[in-house]
Amino acid sequence: MQVPLLDLRAQYASFKAEVLPVLADICDAQQFILGAKVENFEKELAAYCKCERSIGVTSGSDALLVALMAEKIGAGDEVITTPFTFFATVGAIVRVGAKPVFVDIDPVTFNIDPAAIEAKVTPRTKAIIPVHLFGQAANMDPIMAIAKKHSLIVIEDACQAIGAEYRGKRVGSIGDYGAFSFFPSKNLGCFGDGGAVTCTDNAKADKIKIFRNHGQSKTYFHEYVGGNFRLDALQAAVLSIKLRKLDSWSEARQRNAAEYEQMFAASGLTDGRITLPAKADYPVRHIYNQYCIRVAEGKRDALRDYLHAHEVGCAIYYPLSLHLQPCFADLNGKKGDFPESEKATSEVLALPIYGECTHEQREFVVDTIKAFYQGK
Ligand SMILES: *Cc1c(COP(=O)(O)O)cnc(C)c1O
C-alpha cells in the first residue's frame, strides 16, 4: 500500500466543479491584479480569523517581511524568535537588516518558551515573532505581557496554523500582526503561492496595504518604499471557495490525529520509543498542519528510511536548527546553544495526517512502524 505524506488530488476533486468556472470568468475578464475577488477574500479571511482586517499578499514569507517593513524594523534592531521553525521566519528578519535573537523551545509544544524570552530583551529589541508550529498555538498570554512591558511589536507566524485557537482566540488576532501562508501544503492552500497579513488595528492594516503595493496610497505617489507583494485574483477566488471548506478539512485532520493516538497506544510503542504530539497545557484548537512524532534512541533517520522503503510518506520538519544554518554563521550560533531545538531536529518525524488519508492507510503507517521496531 502507498501512503503519501500529502495528496491534494482528492481534495481538489471535491471542489473542482465549483472552482473552474470562477477561474474561467476571471480569465474572460482578464482582470488579474487585486480587485473585487481579492477584497472579498480579505473580508472573509478577517471574519474567519476574528480580526479587524486582512491584507492578501504574495506568500507567507512576504507577509512576515511586509509587517517588519511597515514597522520600520531594520539595521540595529533585534527581533526575538524561535530557532525551530521554517527558514522564512528568520529569513524575513535578516532581509530587513535586523538581527534575529533566538529563544529555545518548549519541548512539549515545539513553540518558543515564553519563560526564556525576557532574558533576551535588550534596548534594541523591537519585536517578537512567535511561531504556531505544526498548527498549535504558542503560549501567547505571557508573550503579550512581555511585549506590553517592553513596548514590542508581536508578529504571529501563523503560516501553519490557520483556524488554530489559543484560549478561544484565533491565531493572528492576538498580536499586532498575523502572517499566513497559502502554500499548497498548508491547511488552506491556493494553486501556487499566496499569503496574508491579519491586523487588529485599522491604521496598521492601511499601512500594510500601502506597503504591499510599492508604498503608494495613490497611483504613482509613493509614501514609502514598499514592494510588489500583491495577491492575485485567481488565487483569491480559489481561496474564497476553499475557505468555506477549511473547518471540515481541519476537523478531518483532528479525527485522524485522535485515531493515530489510539492506534499508537495499542501498539505499545509509546513506551518511550516514540512520543506523540501533545496538546499544550493551555486551551488550544490544534489544526494539525503536521503530525510530528518524536523518535528516541537515535532511530529517527533509520525509521524514515524504512518508511520510505515501504512507500510510507514522512518528512523531517526540520533537520537543522536555524542557529546552525550556514547562512547565519555571522550570528555565531554554536551546537548546544539551544538544546531543545537541537534535540527536536534529531527526533521529529512528520506522518501523513491529511484529511483524505484513509483508515487503512493510517493502519498501514502504524503497522509499518511496528514492523520496523520488530526488526522485520
Ligand atoms: C510556510 C511557512 C512560511 C512561509 O510561507 P510561504 O508562503 O511558503 O512563503 C513561514 N513560516 C512558517 C512557519 C511556515 O510554515
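Bear in mind the structure is a predicted one, so any value in this text is a computation, not a measurement. Numbers given to residues run from 1 along each chain, matching the order in which its sequence is written. Per-residue local features of the predicted model are confined to residues with pLDDT of at least 70, and side-chain atom pairs are confined, for both listing and counting, to 80 or more; whole-chain, interface and lining totals are unaffected and use all residues. Water and hydrogen atoms play no part in the side-chain values, which are based on all heavy atoms of the structure.

Draft legend 1. The sheet that holds strand 12 (residues 274–275), seen in detail. Strand order in the open sheet formed by three strands is 12-14-15, with antiparallel pairing between adjacent strands. Bordering the open sheet on either side are strand 12 and strand 15 (348–351), each of which pairs with just one other strand. Should any heavy atoms of two residues lie within 4.5 Å, those residues are considered in contact. Axis definition: a line fitted to C-alpha atoms, over the contacting stretch in the case of helices. Angles run 0 to 180 degrees between N-to-C directions. Segments assigned H or I by DSSP are reported as helices when at least four residues long, segments assigned E as strands when at least two residues long, and all are numbered from the N terminus. Taken strand by strand, helix 9 (residues 246–267) contacts strand 12, strand 14 (291–295) and strand 15, and its axis lies near 25 degrees from that of strand 14. On the sheet, helix 11 (residues 339–347) packs against strand 14 and strand 15 and is oriented at approximately 95 degrees with respect to strand 14. Each pair of strands is called paired provided DSSP finds at least two bridges between the two strands.

Draft legend 2. Quick peek at the site of the ligand. By convention in these notes, a residue is near a molecule or strand provided one of its non-hydrogen atoms lies within 4 Å of it. Surrounding the ligand, one finds 14 residues, the nearest of these being Gly60, Ser61, Gln160, Ser181 and Lys186. A distance of 2.5 Å separates an oxygen atom of the ligand from a polar atom in the side chain of Ser61. Here a polar contact is recorded for every N or O atom pair within 3.5 Å, except that within protein the pair must consist of a potential hydrogen donor and a potential acceptor, and residues adjacent in sequence are included only if both atoms are side-chain atoms. In this structure, an oxygen atom belonging to the ligand sits 2.8 Å away from a side-chain N or O atom of Lys186. The protein chains shown are the only cover counted for residues, whose accessible areas, like all others here, come from Shrake-Rupley with a 1.4 Å probe. Contact with the protein chains covers 93% of the free accessible surface of the ligand, which is 380 Å². Looking at the shell around the ligand, the elements with two or more residues in it are helix 4 (60–70) and helix 5 (87–95).

Draft legend 3. Focus on the packing of aromatic side chains. Stacked, tilted and edge-to-face are the three classes assigned to paired rings of Phe, Tyr and Trp, where Trp is represented by its six-membered ring and a pair needs centres within 6.5 Å; plane angles under 30 degrees give stacked, over 60 edge-to-face, the rest tilted. Considering all chains together, one arrives at 20 aromatic pairs under this definition. Note on Tyr288 and Tyr291: the rings are 6.1 Å apart at their centroids and 35 degrees apart in plane angle, and the pair reads as tilted. Working rule: Lys NZ or Arg CZ, within 6 Å of ring centre, within 35 degrees of ring normal, means a charge sits over the ring. Between the NZ or CZ atom of Arg170 and the centre of the ring of Tyr48, over which it lies, the distance is 4.6 Å. Cation over ring: Lys218 sits above Phe221, and NZ or CZ is 4.6 Å from the ring centre.

Draft legend 4. Region of interest: the environment of Ala344. Mapped onto the fold, Ala344 is located in helix 11. We call a residue buried when its accessible area falls under 20% of the maximum for its residue type, exposed when it is over 50%, and partly exposed in between, using a 1.4 Å probe and counting protein chains only. We classify Ala344 as buried; its relative accessible area is 0%. Along the chain, Ala344 and Phe84 lie 260 residues apart, while their C-alpha atoms are 8.0 Å from each other. Not counting chain neighbours up to four residues away, the residues in contact with Ala344 comprise Phe84, Ile105, Phe110, Arg294 and Arg300.

Draft legend 5. Spatial organisation of the environment of Leu231. One can find Leu231 in the loop between strand 11 (221–222) and helix 8 (233–243). Residue class for Leu231 comes out buried when judged on its relative accessible area of 2%. When the C-alpha atoms of Leu231 and Asp193 are compared, they prove to be 8.7 Å apart, with 38 residues separating the residues in sequence. In contact with Leu231, not counting residues within four places along its chain, are Leu34, Val38, Phe41, Gly56, Val57, Thr58, Gly194, Gly195, Ala236 and Leu239.

Draft legend 6. Spatial organisation of the environment of Ile174. Turning to its location among the elements, Ile174 is positioned in the loop between strand 7 (169–170) and strand 8 (177–181). With 20 residues separating them in the primary sequence, Ile174 and Val154 have C-alpha atoms 8.6 Å apart. Residues in contact with Ile174, not counting those within four places in the same chain, are Met140, Met144, Glu156, Tyr166 and Lys169.

Draft legend 7. Representation of the nonpolar core within the structure. In these notes, a set of buried Ala, Val, Leu, Ile, Met, Phe, Trp, Tyr and Cys residues joined through side-chain atoms within 4.5 Å is what counts as a nonpolar core. In terms of nonpolar packing, the biggest core is built from 43 residues, with Phe41, Ile117 and Phe182 touching the most fellow members. All domain edges in this entry derive from an automatic or database-based domain assignment. Inspection of this core shows a minimum of three residues originating in each of domain 1 (8–103 + 111–243) and domain 2 (246–374). Core analysis: the next-biggest nonpolar cluster, separate from the first, contains 40 residues, Tyr260, Leu351, Tyr354 and Phe372 among them.

Draft legend 8. Molecular detail of helix 5. Buried within helix 5 we find Ala88, Thr89, Val90, Gly91, Ala92 and Ile93. Of the surrounding secondary structure, the elements contacted by the buried residues of helix 5 are helix 4, strand 2 (78–81), strand 3 (99–102), strand 4 (125–129) and strand 5 (153–157).

Draft legend 9. Structural context of the domain arrangement of the protein chain. The domain boundaries assigned to the protein chain delineate domain 1 (8–103 + 111–243) and domain 2 (246–374). Here domain 1 and domain 2 have C-alpha centroids that lie 25 Å from each other. Across the contact, 40 residues belong to domain 1 and 32 residues belong to domain 2. Defined here as a combined quantity, buried area equals the accessible surface (1.4 Å probe) lost by two parts on assembly, summed across both. Summed over both sides, the interface between domain 1 and domain 2 buries roughly 3100 Å², with carbon and sulfur atoms accounting for 64% of that surface. Across the domain 1-domain 2 interface, the total number found is 20 residue pairs in polar contact (both at pLDDT 80 or more). If you tally residues by element for the side of domain 1 that touches domain 2, the top one is helix 5, at four residues.

Draft legend 10. Focus on the pattern of salt bridges. By salt bridge we mean one thing: a side-chain nitrogen of Lys or Arg within 4 Å of a carboxyl oxygen of Asp or Glu. Going through the model one piece at a time under the given rule, you end up with 19 salt bridges. When the shortest N-O distance is used, the salt bridge between Arg244 and Glu18 registers 3.1 Å. Highlighted residues: Arg244 in the loop between helix 8 and helix 9 and Glu18 in helix 2 (residues 16–29), separated in sequence by 226 residues. Since its relative accessible area comes to 59%, Arg244 is described here as exposed. Note that Arg167 and Asp141 form a salt bridge whose closest N and O atoms lie 3.3 Å from each other. Highlighted residues: Arg167 in the loop between strand 6 (165–166) and strand 7 and Asp141 in helix 6 (residues 140–149), separated in sequence by 26 residues. Judged by relative accessible area, which is 38%, Asp141 ranks as partly exposed. If you follow the salt bridges from partner to partner, you end up with Glu18, Arg244 and Lys245 in one network.

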